[in-house]
Every structure is written in structure tokens, then in C-alpha cells.
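Report on the structure
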Amino acid sequence: MDFVILAGGLGSRFVKEGYECPKPLVPLFGQPMMGVLINTLMKCGAEHIYVGANARMQSLLDYLEELKAKGLPVVVRPIITDNSYCTLKAASEGIEGKFIAMTCDAIFPTDEFRDYVKAVAEAPADVALMGLTRFVEDESPLYARVSEAGEVIDYRYGGSPFDEGTIVSAGLYGLSGKIMDVIPELDLKPESLSDFQRLLAVATPVKVRPYEFTIAFDVDNTRDRLHAEEFLAKFQ
């Protein structure tokens with residue numbers, strides 16, 4: 001399976017807390033969180049790991065080059081953009097088959113992720129298998145609306161959950177090159193990754209289906225970092 005890691009942001013919350021290193025290099029148990037994620041992906045059969053990396057973060061680029069020098073299948077794609085969808089588009093350019101995308105700070109159970117990798121591999125090329133969870137950690141989550149037929153039919157950023165129940169994006173996106181081509185073909189212009197998910201569900205013929213994780217969250221600040229270390233100590 002190919003994986004795509006989105007690391008094009010600035011990590012502004014960590015900057016405000018006084019961290020000097022780029023967010024992907026913030027340590028979890030003494031190892032950069034980017035390294036923790038890549039180790040997990042290697043355990044789950046990574047063939048290629050494409051990283052959309054902020055070109056303004058030289059220390060991040062240097063770290064990724066060090067991983068490549070060690071023989072890891074990392075493909076670095078530097079980018080400068082404030083649009084997370086553009087990071088996804090640039091990082092996944094040229095991937096024709098299935099891939100799973102995620103942000104660099106994604107935390108999830110490895111065993112559940114292995115099952116997810118298998119499910120994405122077996123899904124039709126025109127089906128987006130999007131990770132969802134009922135574990136709500138973020139103060140402004142991306143709520144999903146799932147129909148009785150078992151399809152994700154809408155997303156809402158922040159505010160209140162949909163009437164169908166509280167379930168949110170897990171930050172894991174099972175996609176394919178065919179699905180990525182649909183957005184430009186329809187001349188849609190997502191303003192962010194959350195907008196991309198919403199447009200897939202409401203404005204394209206792509207079938208967007210849920211895949212539920214018991215727990216998944218991202219690491220945006222020191223509190224999240226400590227929570228992530230606690231989680232990794234117990235479940236990884």
C-alpha cells in the first residue's frame with residue numbers, strides 16, 4: 001500500500017507554546033512524531049511513503065532525507081501552500097492506484113489500521129473509504145453525516161453534530177488516483193482538506209463510505225502530545 005503524509009502546515013499552536021522545531025519533529029517518547037508515524041506505516045506494509053513537506057522547514061526536509069538514506073521508501077515532495085487540499089494533491093501526484101492519506105500528527109491503533117489498509121486495498125477504485133471515529137477529542141471537529149445505507153453524505157466543520165449521531169473524521173483517508181482526478185474534472189476548488197471531504201460527499205459521483213476506528217486523534221499542542229504518549233504506551 002502507498003501512504004501519503006501531509007506535513008505542509010506551520011504547526012502554529014506548538015510555535016505559540018515555544019517549540020522551536022517544526023511540528024513533525026516534536027518528540028513522542030524522544031522520537032519525532034513523523035518518525036513514529038513512518039515506523040507504524042512500515043509495520044503496515046508501506047511500499048512508498050509520499051510526504052508533502054513544508055519547503056520552508058529545512059530541518060524537516062533534512063530529517064526526511066536521513067530516513068531515505070537509511071533505505072526507507074520515503075518520497076519527499078516539498079510544497080509551500082496554506083491549503084491542506086493542495087498539499088494532498090501535490091503529495092499524491094502520480095499515484096494511480098490506492099493510497100491512504102493522513103496528517104503527520106495522526107494517532108490511531110496499529111491493529112485497527114492494519115485492518116483498514118486491507119479494507120482500502122479491497123474497495124473499488126471509485127470508493128473513498130474514510131476513517132471516522134466516535135472519539136471526539138478536537139474542540140472543532142469535522143462532523144460526518146452517515147446515511148442509513150452506510151454512506152457518508154455530508155460533513156460539517158465545528159458547531160453541532162448531525163442529527164444522525166456524533167461521529168467525526170478520524171483524519172485517515174482511503175483514496176485512489178481515480179478519486180483525486182474527479183475534483184479537477186468537475187472544476188471543484190476545495191479550500192481545505194475538510195472542504196475536499198465535503199465536496200467528495202456532496203458534489204461528486206464518488207461513493208464515500210465510512211470506516212470506524214475506536215479512537216483516533218491528532219496532536220496539536222502539548223496536552224495532545226502528552227495524551228499521545230499515554231496512548232502509545234498502552235496500545236502500540
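So, here is what we can say about the structure in this document. Because the structure is predicted, anything quoted here is derived from the model rather than measured.

Counting secondary structure elements, the chain contains eight helices and 13 strands. On C-alpha atoms alone, the chain measures out to a radius of gyration of 17 Å, which is about the 18 Å that the 2.2 N^0.38 rule sets for 236 residues. Dimensions of the chain along its principal axes, counting C-alpha atoms only, are 45 × 35 × 30 Å. Counting all 236 residues of the chain, 52% fall into the buried class. Relative to all contacts within the chain whose residues are 6 or more apart in sequence, the contacts with residues 24 or more apart total 73%. Here the chain has roughly 10,900 Å² of accessible surface; of this, 49% comes from carbon and sulfur atoms.

With five bridges joining them, strand 9 (residues 142-146) and strand 10 (residues 152-157) adopt antiparallel strand pairing. Bridge pairing in strand 10 links R145 to D154. Remark: five residues form the turn of the hairpin made by strand 9 and strand 10, two consecutive strands paired antiparallel; G150 in that turn has positive phi of roughly 85°.

We now examine the pattern of salt bridges. Evaluation of the coordinates by the stated rule reveals 14 salt bridges. Note that K118 and E122 form a salt bridge whose closest N and O atoms lie 2.8 Å from each other. Of this pair, K118 and E122 both sit in helix 5 (residues 110-122), four residues apart, roughly one helical turn. Several salt bridges share partner residues, and in doing so they unite K23, D105 and D220 into one network.

Here we take up the pairing of strand 1 (residues 2-7). Most of strand 1 is tucked away: six of the six residues are buried. By the alternation rule, side chains of strand 1 split into D2, V4 and L6 and F3, I5 and A7, which are all buried. Sheet analysis places strand 1 next to strand 4 (residues 48-54), joined by six bridges and oriented parallel. Bridged to L6 within strand 4 is G52. Judged from the five bridges that link them, strand 1 and strand 6 (residues 98-103) form a sheet pairing that is parallel. Paired with I5 across the strands is M102, a residue of strand 6.

A few words now on helix 4 (residues 84-91). One turn of an α-helix holds 3.6 residues; hence residues three or four places apart share an orientation. Within the span of helix 4, buried status applies to Y85, T87, L88 and A91. Along the axis of helix 4, the buried residues cluster in a sector spanning 160°; they form a single face. Between a side-chain oxygen at the N-terminus of helix 4 and the backbone nitrogen of Y85 the separation is 2.8 Å; the capping residue is N83.

Rules of the game
Residues numbered from 1 in each chain as written. Predicted model: local features only at pLDDT ≥ 70, side-chain atom pairs only at ≥ 80, totals over all residues. Heavy atoms only, no water. Helix = DSSP H or I, 4+ residues; strand = E, 2+ residues; numbered from the N terminus. Rg over C-alpha atoms; globule rule 2.2 N^0.38 Å. Buried < 20%, exposed > 50% of the residue type's maximum accessible area, 1.4 Å probe, protein only. Contact = heavy atoms within 4.5 Å. Areas by Shrake-Rupley, 256 points an atom, 1.4 Å probe, with all protein chains shown as cover. Pairing = 2+ DSSP bridges. Salt bridge = Lys/Arg side-chain N within 4 Å of Asp/Glu carboxyl O. Arc of directions from axis to C-beta. Polar contact = N/O pair within 3.5 Å; in protein donor to acceptor, adjacent residues only side chain to side chain.

All we've got here are geometric facts, nothing functional implied.
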